[in-house]
Structure formats: C-alpha cells, structure tokens
Amino acid sequence: MKLVLSLIALLVISTTTFGQDHIVRGFIHNNLNDEVIPFQKVLLIPTEQGRDILGATTDVNGFFSIPKVSIGVYLLKIQNPEFALYEREIAVTKKDGITDIRVDMLKPDGTDLDEFEVSAETKRKTTEVLISVSSLTKKDVERIPGMGAENDIVGAFSVTPGVVTTGDQGGQLYVRGGTPIQNKVLLDGMTVYNPFHSIGFFSIFETELIKNVDIYTGGFDSRYGGRISSIMDITYRDGNKKEFGGKVSVSPFLGKLVLEGPLYRQKEKGGGAASYVFSGKHSLLDYTAKSLYRNVNNGDGLPYNFTDLYGKLTFAASGGSKFSFFGFNNNDKVNYSEIADLSFSQSGGGMSFVLVPSGSPTFIRGHLNGSNYKTTFQEVGANERNSSIFGADLGFDFTYFLKNEGQIDYGINMNLFKTDYLTYNEAASKIQSVSNTTEIGAYVNYKWVTTRFVIQPGFRAQVYASLSTISPEPRLGVKFNATERFRLKFSGGRYSQNFTSASSDRDVVNLFNGLLSAPTNVQETFITEFNKVKNPKNGLQYSWHAILGGEVDLTKALSLNIEGYYKFFPQLSNINVNKIFDDTKDFDDVDDVYKKDFLIESGQSYGLDILLKYSKDRLFLWGVYSYGKSTRWDGFTSYAPVFDRRHNINLVGTYVFGKKKTLEVNIRWNLASGLPFTPTAGFYQNDNMGGGVTTDYTTSNVNEVGLLLGDYNSKRLPYYHRLDVTVKKQFKFKNSTELEIIGAITNSYDRKNIFYVNRVTNKTVYQFPLLPSMGISYKF
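All figures in this text were calculated on a predicted structure; none of them were measured in a lab. (Residues numbered from 1 in each chain as written. Predicted model: local features only at pLDDT ≥ 70, side-chain atom pairs only at ≥ 80, totals over all residues. Heavy atoms only, no water.)

A.B. asks: Mind showing me how you'd approach the confidence of the model for the protein chain here?
C.D. replies: Detailed reading of the predicted coordinates is not advisable wherever pLDDT is low. Averaged over every residue, the pLDDT of the protein chain is 86; residues scoring 70 or more account for 89%. Within the model, the stretch residues 110-118 combines pLDDT values under 50 with 10 contacts to residues more than four positions away or in other chains. The model gives residues 504-508 a pLDDT under 50, and that stretch makes 23 contacts with residues more than four places away or in other chains. (pLDDT = per-residue confidence, 0-100. Contact = heavy atoms within 4.5 Å.)

Structure representation (structure tokens):
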C-alpha cells in the first residue's frame, strides 16, 4: 500500500515537471444546457502571414489544449453545423504560461449549415490510430431500431463489426473470439459486471444520458487493462445546469422517467454551477405480455422483469474542473416455464473528477467507486448455480499535450475484489471458489503525430498481487496516411486478466455465466497444441492481438473500413467438465484432469471485418460483414467454442422525411450462421449405487435421467436472421417540448430462431416471434 501511495504521489508531482511553452486550452460548452461538446475541432489561426495554423480536437470531456503557441495575435475559430460560427481573438504575449478560455457555443441564428461538412471526424482519422474502434453518440444509438418507445445501446453493440450475439434473449456479447467475461464494460470509469438484461433488447444503460460510447474490439492501447478481448467505454453526460427538464416514456415493454436540472446556477460568466440527473426504468411485461403477446413462449408471454435506477450529482468549478457523485441499482429476473429461472442484481456508486490545475499543463482525471453483483441460475432437474462479486476501484489518469495533437497519457489503477462462485459440472461434481484479490495497473502511452504517420507505443504493467504475478504488456498502434482519403493502420499488444467465467455444457445455448477470480486449482502440466509442456501456477488468462486494416473515404459521405485480425490466447481457464474425483490425498494417483476444478486451455481467433458507412443529410446507411473462426485446445483435442459464428451480416438504414425532418424510418436486418452445440447422443437411468456393490440396479427404481453427450460442439444451430423496422414521428412545440410516437415491428417476417433447448425435457424455447409494439415519449 505504501508503494502504491508513493507512486500516486510521484505521478501527481510529475504534472508540474514538463516543459512549459505557451499553451492555449479550455472547454467548449453548449450554451443551452452547459454540457461540454466532445470531439470538436478547434482552429487557432495566426493573423500574421506565413505562420502555420494550429489546432486541436476536444476529448470526451470537451477539453482541448494547443501547446507551443508563439507570441502573436490569433483567431480562435470553431465551426459546427449544430451551432453558430464561433470566432474570438486571442493575444499571446508571453513565451511560456497558459491561456485558459471558456467557449459557449450558441444555436445558429437562422444560418443554413446543412451543407457544412463536419471536419472533426475527418481530422481524427488523420491524427489518431482509430483501429478496431467504433465511436457512437446518442444520435447513432437512436438510429438502430428499438422496442417500443426506446432505443437501447445494446442495439448499437450488436451491429458493431466483430461482435456476435446470442440473439433476442440472454443478452450475451462475444467479441472477436472473446467470451462475455473477457469484455470490460466501463461507465464513467467504473466496471459494470453485467451490462445487459436477460431480454436481449435492453441494457442497464439510459440512452437519454449517453454522451459517447467507444467500442474497442481489439488492439486497444495501454490505458485499458484487466481484459483480454474488448473494451466498451461509456460516458454519461451531466444534468442540465441551466434549467429543469426531463423525459417520460411508456411502451408495452417498459416505462421510463428521466429528470434533470440545476442544483445552483452559474452566477456570473465562467462561475461555478451544479446539476443533478436521475433516471429510472421498469419493465411492464408482467402486466402486458400475456394479453398482447399470447403467441410467445406457448402462451406464457414474456417472462421478464427488470428495474434500473441511476442518479448523479455534478459540481463544476469556474475553470472547468468538476466532481461527480453517482449511484445505481439494477435488478433482473426471468422465468422460463418448466425450463429454468435466472436472476441477477447489482448496485454501487462512487465519484469521478476532472482537474485542470492552474499553472500546470497536465490534465487530470480520477475515479473512486465500488459495486456488488450477484446472479443465480436454477435449471429444472439440476442443482442451483450462483456467483457474486464485490469490487472497489481507485484510479488516476494524466494527459500532457504535445504539438501537432500528440500527447502523453499515464496513470495508475488499484482494484480490490471478493468473488464467491458455486456450480456443478456435467458429472454433477460440485465446484466452488471463494477468493480475495488485489490488482494494480500502471501505464504510459505516447502518441506522436506527423503529416504521414501516427505512431502510438505504450506499455502497461498489470500486477496481480494476490497471485504474486506481474504481467508486462507492450502495446503499439501505427497509422500511415497514404493520401488524404486512404489510410493504413496496425495495432497489437499483450493483454491479461484475472477473472474467469465458467458455464455448463448442459446448455445448448448458454444462459449462466458465473464470475470468479483466477483459479489456482488447475492441472500441474499442460501440453499445448504445439506439443510444448507448460507448468501453469494459476488460471490467469492471456492474449496477444495483431490487427491490420485500411480505411478509405470513397466520397465525403461514404467510407469503407476493412480489418483483418488475429488473437492468440496462450492461456485460458475453463471449468473442468471431466472432474469426477475430489482433489484430496485419497486420489493422489488420479490424473489432474479428473480431479481439478478448472483446466488450462489455449485458443486462437482470426477473421475479417468489413464496414461500409454512408451518412449525408437525411440518409444513413451502415453495412457490416464479419467472418470469424475461433478454436480452443483443452490439452487433448481442438474444438469450436459456443460463440464460433462463421458469418455475420448487419444492415442498418435510416431515412428522415418531411421539411422539418420529423418523420424517421429505421430498418435493421441481421443474418448469421448457426452457433455450435454439443448434441445429445442418448439417455440412461442415473443410479448412484447408494448401496455400494450390493446395490440391485434392477430394483432400485431410480427416477433420475442421465445424459450421454455426443462430440463436443460438433453440430450447428440453424441460421439466424431477423428484420426489425421502427417508425418515429416527432411533434415539436413552441415551448421547446417534444412528443414522439414510435411504432416498431421486431422479427417482421416471424422467423423461428432457436434460443434454448433443455436436454432432459427436450423442450425448445425460440427467440422472439413477430412482435409489434408502440410507444410514446414526452420530452420537456
């Protein structure tokens, strides 16, 4: 602990040690609600002829910094189609020092800016590596067809290149060969252990509060650690600091309320302000499903029930620094009649801050939070499985800005976890684990930008103190700007994680994903698929990523992105389906593969993702094709994991009608090849021989059924495909309020897609049939 505190103190002190040429920096705000504007291009144009134009792009916090500004007079210029042109004279009179400014963007005064091309995204393509990442705004999320009156971020995730979903129900995402537990989901810096509800249409997140979403499907830089597959980084906006407002909506699926407003207003130009925001949503399917959706689940309707609550207080200082305090609670229950019950609950809270120290060129962010998560799964004819985790996280991030939009990022994270896990394997052997874990991660990331190249090396040291293990993790990202329209890019690195998920092979489609710290009860010897012998000490998981791609702007509105990827997993941990003996001295002569709770495996995933995107005025088109292949090696044989989907196509289209653009139509079609599953080869009477060798099996009359399984994941489910359509009509009133009516059809041609099969009863649950719905929302 003393070492950690000393390292944090050293990092804070280092914020004042960088050289200080003159810096022009500040925040850009929306004058309507005082919310910051992310990813906005800022130009600093010298009035003296012959000098270079300087510039920067705001980050997700709306902050920009332009270093190495020479003495002189400049025009600060900001253009954005949603706001009036902003121009301001800036006089730099000293060689060093800092000029802090605040920009308030006003709504346009009737100027037609529809033809103005937003330069910020184009500029980011040439100054950032941006490989295997999709950046989405609230507007992007709302383009994906949703249920009832609500769009949800889960829809945006599901159409991201490289992402495989389990369908309408279950809510699991697999990213380029990674399992759900290998995806880290962050909300304002806090890890969310289960972001999706059992009904696959809804997540725990509130779309109305989304400021930005970054989805990294691989090759992410050293700022992120603790997961070996992907990162989903979600940022919420603050509450309105100027006036009270909100949104209320209702549909057959859920009711929702969002409230926001100022705690106290800014008293003078640049003064401090505070705000609050609260959101709550609750499923209404208990009241509507049996009457409106009688054809679902054999007349039982939709057996889902969930509630999400979130609240945040934000206190902003005059210089742009701010502190936010938040809390949340999520509950989810589902009952598949005569098949299984599944539930989870999670709650927590914390704080985050942004600091702009006076006189220091470094930008500081930090967070402190804690949360608790528990899930249980009870299948008919099987033992209950459950898993829980409590986690706490403290982190600090620092950014020092360099010329030409280069920068140095560095920081430290400390995590404390307690996990408790109970499950049973195919042989009905009990597997239980309780552990306490400490993790420390420190990183440095450097971005160097020239006219042709963006080079971004990084390094992360992930310390697993409880396991006495340090994982060195080099990272590298490179972009080559071949022309103004064509760019090549590469990224790669080493990744590690502590957490392991274990699931049962009894599930044709997996419903339960438990969560536990890296197990130590693993085999002493592991023979890799390359016939090399390893002696693993624990169940930490590792991966190497290598991604190569290219992007081309075919026109100003049409872009094409192609990426090939390879992920190698040299060490994975998985539940031991072969365990039939206890790991005691009585069975010392038994091979580890028959008595250890977990086994070490390895694996690899590779594929190709193609994204074609068109966006101009009223029309938005998004087309994705993904080819992927994943294999796992368990020490004996190679097999396809349950998420190995070979082909996946997602087509999304949006068109806005009317002079005032108040009628919108959204369409999404998904076609995906079948997922693998282990077939049932037969059944037998499961006599436990309770009388020992004297048991008379002919008269014991055992009523338990045992299963004989075929080759592991040797069969494939049928192709999955579905068409969703949403129509939205807006009515805008003079008092700035807005009424929206939404009509939606999910699975428009009533495709029967398999969701789940109980091996014992052979009862099949299908994904959702044709589901019409209508919702209404009122924004004030």
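A.B. asks: Would you explain helix α5 (residues 285-292) in this entry?
C.D. replies: In an α-helix, one full turn covers 3.6 residues, which means residues spaced three or four apart are oriented alike. Among the residues of α5, those classed as buried are L285, T288 and A289. Take α5 and look down its axis: the buried residues cluster within an arc of 105°, on one side only. Exposed positions of α5 whose direction lies more than 90 degrees from the buried face are Y287 and K290. In this fold, the buried residues of α5 make contact with β17 (273-283) and β18 (304-316). (Buried < 20%, exposed > 50% of the residue type's maximum accessible area, 1.4 Å probe, protein only. Helix = DSSP H or I, 4+ residues; strand = E, 2+ residues; numbered from the N terminus. Arc of directions from axis to C-beta.)

A.B. asks: It is not clear to me how the side chain of Q456 should be interpreted in this structure. Could you clarify?
C.D. replies: Relative to the elements of secondary structure, Q456 occurs in strand β25 (residues 453-464). Residue classification places Q456 among the buried positions, given a relative accessible area of 13%. If sequence neighbours within four positions are ignored, Q456 has contacts with V129, D221, N445, Y446, K447, R475, L476 and G477.

A.B. asks: Mind showing me how you'd approach the environment of P679 here?
C.D. replies: Considering the arrangement of structural elements, one finds P679 in the loop between β37 (676-677) and β38 (680-685). Residue class for P679 comes out buried when judged on its relative accessible area of 17%. Along the backbone, P679 and Y712 are 33 residues apart, and their C-alpha atoms lie at a distance of 7.6 Å. In this view, P679 contacts L709, G710, D711, S714, K715 and R759; residues no more than four positions away in its chain are not counted.

A.B. asks: Any chance you could explain the pattern of salt bridges here in plain terms?
C.D. replies: Scanning the entire structure with this criterion turns up 37 salt bridges. One salt bridge in this structure joins E48 and R51, with 3.3 Å as the shortest N-O distance. When its relative accessible area of 48% is taken as the criterion, E48 is described as partly exposed. Between K312 and D238 there is a salt bridge; the shortest N-O distance is 3.0 Å. Here K312 is found in strand β18, whereas its partner D238 is found in the loop between β14 (230-236) and β15 (245-250), with 74 residues between them in sequence. Neither K312 nor D238 differs from the other in exposure class; each is buried. (Salt bridge = Lys/Arg side-chain N within 4 Å of Asp/Glu carboxyl O.)

A.B. asks: I keep staring at the sheet that holds strand β6 (residues 86-92) and nothing clicks. Help me out?
C.D. replies: Two strands in a sheet stick together by hydrogen bonds in their backbones, pointing the same way (parallel) or opposite ways (antiparallel). The four strands are arranged β3-β2-β5-β6 in an open sheet whose pairing can be described as antiparallel. Because the sheet does not close on itself, it has two edges, and the strands there are β3 (54-57) and β6. In this sheet, adjacent strand axes meet at a mean angle of 20° when their direction is disregarded. (Pairing = 2+ DSSP bridges. Axes fitted to C-alpha atoms, helices over the stretch in contact; angles between N-to-C directions.)

A.B. asks: What exactly am I supposed to notice about empty space enclosed by the protein here?
C.D. replies: As enumerated under the stated definition, the model contains eight cavities of 30 Å³ or more in all. The computed volume of the second largest cavity comes to approximately 300 Å³. Surrounding the second largest cavity, 24 residues form its lining, S158, G200, F201, R668 and R722 being those nearest its centre. Those elements giving two or more residues to the lining of the second largest cavity turn out to be α4 (153-158), β36 (663-672) and β41 (720-732). In the lining of the second largest cavity, the residues fall into seven nonpolar, 11 polar and six charged. (1 Å grid on protein atoms, 1.4 Å probe; cavity = no way out; pocket = protein on both sides within 12 Å on 5 of 7 lines; lining within 4 Å. Points joined across faces, edges and corners; volume = space filled by probe spheres on them. Nonpolar A, V, L, I, M, F, W, Y, C, P; charged D, E, K, R; others polar.)

A.B. asks: Explain the nonpolar core here, please?
C.D. replies: Side chains that are nonpolar tend, in soluble globular proteins, to be buried together. Among the nonpolar cores identified, the biggest contains 32 residues, and I199, F202, F253, L285, L302, Y304 and F768 are the most heavily contacted of them. When residues of this core are traced back to their parent elements, those giving at least two are α5, β18, β19 (322-336), β20 (340-355), β32 (598-616) and β43 (754-757). If we ignore the near neighbours within four places in the chain, the residues touching I199 are D168, F253, L285, Y304, F306 and F768. (Core = buried A, V, L, I, M, F, W, Y, C linked by side-chain atoms within 4.5 Å.)

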